[in-house]
Number of protein chains: 2
Amino acid sequence: MKRTANAIWNGNIKSGSGKISTQSGVLNSTQYSFNTRFADGIGTNPEELLGAAHAGCFTMAMSLALTQLGYEPGNLNTTANVYFDMEKGKIEMVELNLTADTIAGLSSKEFEEIARGAKENCLISKALTGLDITLSVEYKEG
Amino acid sequence: MKRTANAIWNGNIKSGSGKISTQSGVLNSTQYSFNTRFADGIGTNPEELLGAAHAGCFTMAMSLALTQLGYEPGNLNTTANVYFDMEKGKIEMVELNLTADTIAGLSSKEFEEIARGAKENCLISKALTGLDITLSVEYKEG
């Protein structure tokens, strides 16, 4: 399968600005610029979009794994923090923090094992081999 | 620096659905589901968001490189195609296609060299070491 996105940039790095769009239209000439990326301007930036892709992929992989094991997942909620270092010119880490509703018959230990597997198997994790991915899990067994 | 995004998924893989949000608010409980990812449902999916992150990063890296070399970039336009294989459970390739306005004094050969460098140096490229990244360039010297 193929998914498509587009970015347009006009002008130099500091005073220029860009627009990002996706195939689905959920991003539609969405603004980004030097300031939205490296300072606190309003608009998007590649790092938060990477975080969105990764959180989305991992959370869905978690539902898939639970479904395949015969569990009915309730609310699964993942925050992805993307850490990057301007000096080094490198994204260093994505931190995934998962919180979930209690699932009948599923222990904390099993839940955490399933989450570790989802982290490894998620398509975006498998693509992001150039950085560290950490996972924390908050789950209470019933 | 840290950038943040969030994904929430409710229910099993086929009938459940999710919502993705980013720190900037450009994604704000944006819908995604099994169908928007692997079929033709309306909504976003992690792969197009990865493409958006990569296209955005590369195009800005191109403006940075041109600016640093003393050129004034005009329109830089990149489409990112993300190819994934459901059977293999793998994103196989991101294809970056760059088209650009003519820049005074810059040859096609130099432009293409700068573009190859931007592809290597872009933060998202450096994170995506688990897949192939290809680049095509369309540029006419003046």
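Above this text you will find the structure in question.
Reading guide: rules and limits
- Residues numbered from 1 in each chain as written.
- Chains lettered and ligands numbered in written order.
- Predicted model: local features only at pLDDT ≥ 70, side-chain atom pairs only at ≥ 80, totals over all residues.
- Heavy atoms only, no water.
- Contact = heavy atoms within 4.5 Å.
- Buried area = accessible area lost by both parts, 1.4 Å probe.
- Salt bridge = Lys/Arg side-chain N within 4 Å of Asp/Glu carboxyl O.
- Polar contact = N/O pair within 3.5 Å; in protein donor to acceptor, adjacent residues only side chain to side chain.
- Helix = DSSP H or I, 4+ residues; strand = E, 2+ residues; numbered from the N terminus.
- Phe/Tyr/Trp six-rings, centres within 6.5 Å; stacked < 30°, edge-to-face > 60°.
- Buried < 20%, exposed > 50% of the residue type's maximum accessible area, 1.4 Å probe, protein only.
- Least-squares fit on C-alpha atoms with pLDDT ≥ 70 in both.
- Axes fitted to C-alpha atoms, helices over the stretch in contact; angles between N-to-C directions.
- Parallel < 35°, antiparallel > 145°, perpendicular 65-115°, else oblique.
- Left-handed = near helix turned anticlockwise from the far one by under 90°.
- Nonpolar A, V, L, I, M, F, W, Y, C, P; charged D, E, K, R; others polar.
- Pairing = 2+ DSSP bridges.

Trainee: I keep staring at the interface of chain A and chain B and nothing clicks. Help me out?
Mentor: By a widespread convention, an interface's size corresponds to the accessible area lost as its parts come together. Each partner contributes residues to the interface: chain A has 72 residues there, and chain B has 72 residues. Contact with chain B buries area across many residues of chain A, yet A:M1, A:R3 and A:M60 alone supply 14% of it, more than any other trio. Summed over the shared surface of chain A and chain B, the number is zero salt bridges. Counting every contact that joins chain A to chain B gives 53 residue pairs in polar contact (both at pLDDT 80 or more). When residues of the side of chain A that touches chain B are traced back to their parent elements, those giving at least two are strand 1 (2–10), strand 2 (17–22), strand 3 (30–32), helix 1 (34–38), helix 2 (46–68), strand 4 (75–85), strand 5 (90–100) and helix 4 (123–127) of chain A.

Trainee: Please explain the packing of aromatic side chains as it appears in this structure.
Mentor: In this description, an aromatic ring pair is defined by two values, namely the gap between the centres and the angle between the planes. Residue and element names in this part refer to chain B. Counted according to the given criterion, the structure contains eight aromatic pairs over all chains. Summarising the aromatic geometry, the rings of W9 and Y32 are spaced 5.2 Å apart at their centres and angled 75° between planes, so their arrangement reads as edge-to-face. Here Y32 lies in strand 3 (residues 30–33) and W9 lies in strand 1 (residues 2–10), a separation of 23 residues in the sequence. As far as the burial class goes, W9 and Y32 line up, both buried. Aromatic pair F38 and F84: ring centres 6.2 Å apart, planes at 55°, arrangement tilted. Taken together, the residues F38 in helix 1 (residues 34–38) and F84 in strand 4 (residues 75–85) connect sequence positions 46 residues apart. Among the residues examined, F84 registers a relative accessible area of 3% and is labelled buried.

Trainee: Looking at this structure, I do not really get the relation of the copies chain A and chain B. What am I missing?
Mentor: Relating one copy of the chain to the other takes a rotation about an axis and a shift parallel to that axis. Overlay of chain A on chain B (RMSD 0.0 Å): rotation 180°, translation along the axis 0.0 Å. Taken together, these values place the two copies in the relation of a two-fold axis. Residue A:L128 of chain A places its C-alpha closer to the rotation axis than any other residue of that unit, at 2.3 Å. Counting the interface residues of chain A, we find that 100% of their copies in chain B are interface residues as well, pointing to one common contact surface.

Trainee: Looking at this structure, I do not really get the packing of helix 2 of chain A against helix 3 (residues 108–121) of chain A. What am I missing?
Mentor: Angle between the axes and distance between the axes are the two parameters that describe a pair of packed helices. Residues and elements named next belong to chain A. Orientation of helix 2 relative to helix 3, taken along the N-to-C sense of each, is 125°, at an axis distance of 9 Å. Judged by the angle between their axes, helix 2 and helix 3 are oblique. When the axes of helix 2 and helix 3 are compared, the crossing they make is right-handed. Contacts from F58, A61, M62, A65 and L66 in helix 2 reach F111, I114, A115, A118 and K119 in helix 3. Among the residues forming the contact of helix 2 with helix 3, the class breakdown is nine nonpolar, no polar and one charged.

Trainee: I keep staring at the sheet that holds strand 4 of chain B and nothing clicks. Help me out?
Mentor: Two orientations exist for strands paired in a sheet by backbone hydrogen bonds: parallel and antiparallel. In spatial order, the strands read 3(A)-2(A)-1(A)-4(B)-5(B)-6(B); together these six strands make up an open sheet with mixed pairing. Taken across any chain shown, the strands that pair with only one partner, and hence form the sheet edges, are strand 3 of chain A together with strand 6 (132–138) of chain B. Ignoring which end each strand starts from, the neighbouring axes of this sheet average 20° apart. Summarising the sheet, strand 2 of chain A and strand 3 of chain A pair through three bridges and their orientation is antiparallel. Looking at the pairing, A:I20 lines up with A:T30 of strand 3 of chain A.

Interpretation in functional terms is not warranted from these geometric data alone.
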